[in-house]
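Listed below are the residues making up each chain.
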Amino acid sequence: RSLASDPAFSCRFRLHHRRNPPLLGCFHTGADGPSFEPTLEAPDGVPPGRFSLQSDLDHFRVLGCRHGLVLILDTARFQLLVWDPVTGHQHRVSIPTGFDRLKLVHGTVLRAAPGDVHFQIVLVTDDHEMEESRALACVYSSMTEAWGNLILTPIPFRTMVSIDVLGVLVGHSIYSMLYGTSSNILQFDLEGESLAVIPMPVYLSGVMWSKLMQANG
C-alpha cells in the first residue's frame, strides 16, 4: 500500500498508460461534514471510511478537490485545510489578510506537476463594502509557506463569485462564474497573477447558474 500511495508511483502510472487514472469518487459536504462517495463498484470501490477525516466535522466545508488533494474550509477557526486522503497528510493554512472578514470564499488547490510534493492554493471572493464591487484573489505556495500579494479587479455591480460551482482549470488559468445582475466569467491567470472579467455570450447573459467545463479539442 505504501508503494501505491507514493506520488512517484502515480506519476509513473500516468506516463505508462498515457491517460488519467480512474475516478475513485467525490467529496461533498454533508450534514456531518465532509464525506466520500465512491464511484467504482466492488471490489475496486474505495470504502467511504478509508477516506474519512477524523476531526470536528460539523464546521468543515469542502471547497474543492484537484491533483489528489482536498481543500477544506474550517469555518470555526477560519483556516484552510489541505488534506491528502491517500497518505493522510494534513496542512493547515491561515486565511490571508483581506479575506479574514469575508466568510464566503471560493478556493482551488493544485499542483504544478504530477507527483509534486508542493501545492498552491488560490482563494477568490468578492467585496461589496467599498464604493465599487470588486473581486479579490490571493495565492499560497507551500514551497515558501506564504501568501502572495492581494490581487484586485472591478466586477459588475451586485455580482458575486459562485461558491457552489467549482472553478475550472484550463492551462494556467482558473475560471469561475460570477452571478448577480449579469452573468460573467472571472479568469485568474496563475502565471501573470491577474484577474479579468469575461462577458458571457449575449444569448446566455440572462441565464442563471450556468456551468463551466473544459472542452476536449
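Each remark here, short or long, concerns the structure printed above.
Residues numbered from 1 in each chain as written. Predicted model: local features only at pLDDT ≥ 70, side-chain atom pairs only at ≥ 80, totals over all residues. Heavy atoms only, no water.

Participant: Teacher, can you tell me more about the environment of Ala146 here?
Facilitator: Note on placement: Ala146 falls in strand E10 (residues 146-147). Put simply, Ala146 and Pro96 are 50 residues apart on the chain and 9.1 Å apart in space, counted from C-alpha to C-alpha. Apart from the residues within four sequence positions on either side, Ala146 is in contact with Val139, Tyr140 and Ser141. (Helix = DSSP H or I, 4+ residues; strand = E, 2+ residues; numbered from the N terminus. Contact = heavy atoms within 4.5 Å.)

Participant: Could you clarify how one ought to interpret the state of the cysteines in this entry?
Facilitator: Two cysteines whose sulfur atoms are joined by a covalent bond form what is called a disulfide. Within the structure shown, the criterion is met by zero disulfides. Left without a disulfide partner, Cys26 is nearest to the cysteine sulfur of Cys65, which lies 8.1 Å away. (Disulfide = S-S within 2.5 Å.)

Participant: What is the right way to read the pairing of strand E8 (residues 120-127) from this model?
Facilitator: Regular strands show a simple pattern: their side chains alternate between the two faces of the sheet. The buried count for E8 comes to seven of eight residues, which makes it a mostly enclosed element. Two elements, strand E7 (residues 106-110) and E8, share five bridges in a ladder whose sense is antiparallel. Opposite Gly107, over in E8, you have Leu123 as the bridge partner. (Buried < 20%, exposed > 50% of the residue type's maximum accessible area, 1.4 Å probe, protein only. Pairing = 2+ DSSP bridges.)

Participant: Help me understand empty space enclosed by the protein in this model?
Facilitator: Rolled over the atoms, a probe sized like a water molecule indicates the empty space that remains. Tallied over the full model, the rule gives one cavity of 30 Å³ or more. Looking at the largest cavity, its volume works out to about 50 Å³. As for the largest cavity, its lining consists of His106, Thr108, Val122, Val124, Ile174, Ser176, Leu186, Gln187, Phe188 and Leu195. Where the lining of the largest cavity is concerned, the elements lending two or more residues are E7, E8, strand E14 (173-180) and strand E15 (184-189). In terms of residue class, the lining of the largest cavity is built from six nonpolar, four polar and no charged. (1 Å grid on protein atoms, 1.4 Å probe; cavity = no way out; pocket = protein on both sides within 12 Å on 5 of 7 lines; lining within 4 Å. Points joined across faces, edges and corners; volume = space filled by probe spheres on them. Nonpolar A, V, L, I, M, F, W, Y, C, P; charged D, E, K, R; others polar.)

Participant: I tried to follow the sheet that holds strand E6 (residues 90-94) on my own but got confused; where do I start?
Facilitator: Within a beta sheet, neighbouring strands are joined by backbone hydrogen bonds and run either parallel or antiparallel to one another. As summarised here, the arrangement of the four strands in space is E3-E4-E5-E6, forming an open sheet in which the pairing is antiparallel. Of all the strands in the sheet, just strand E3 (60-66) and E6 have a single pairing partner and so form its edges. Within the sheet, the average angular offset between the axes of one strand and its neighbour, ignoring direction, is 20°. Where strand E4 (residues 69-74) lies against strand E5 (residues 79-83), five bridges are found, and the strand directions are antiparallel. Among the inter-strand pairings, Val70 is bridged to a residue of E5, identified as Trp83. (Axes fitted to C-alpha atoms, helices over the stretch in contact; angles between N-to-C directions.)

Participant: Would you take a moment to explain the nonpolar core for this structure?
Facilitator: Among soluble globular proteins, nonpolar side chains are generally buried collectively. One finds Leu80 and Ile121 to be the most contacted residues of the largest nonpolar core, which totals 18 residues. At the level of elements, E4, E5, E8 and strand E9 (134-141) are the ones that each hand at least two residues to this core. Contacts of Ile121, omitting those with residues within four sequence positions, involve Leu71, Leu80, Val82, Val93, Thr108, Cys138, Val139, Tyr140 and Trp147. Ranked by size, the runner-up nonpolar core spans 16 residues in total, among them Ile155, Ile174, Phe188 and Leu195. (Core = buried A, V, L, I, M, F, W, Y, C linked by side-chain atoms within 4.5 Å.)

From the geometry alone we can't say anything about function, so treat these as descriptive.
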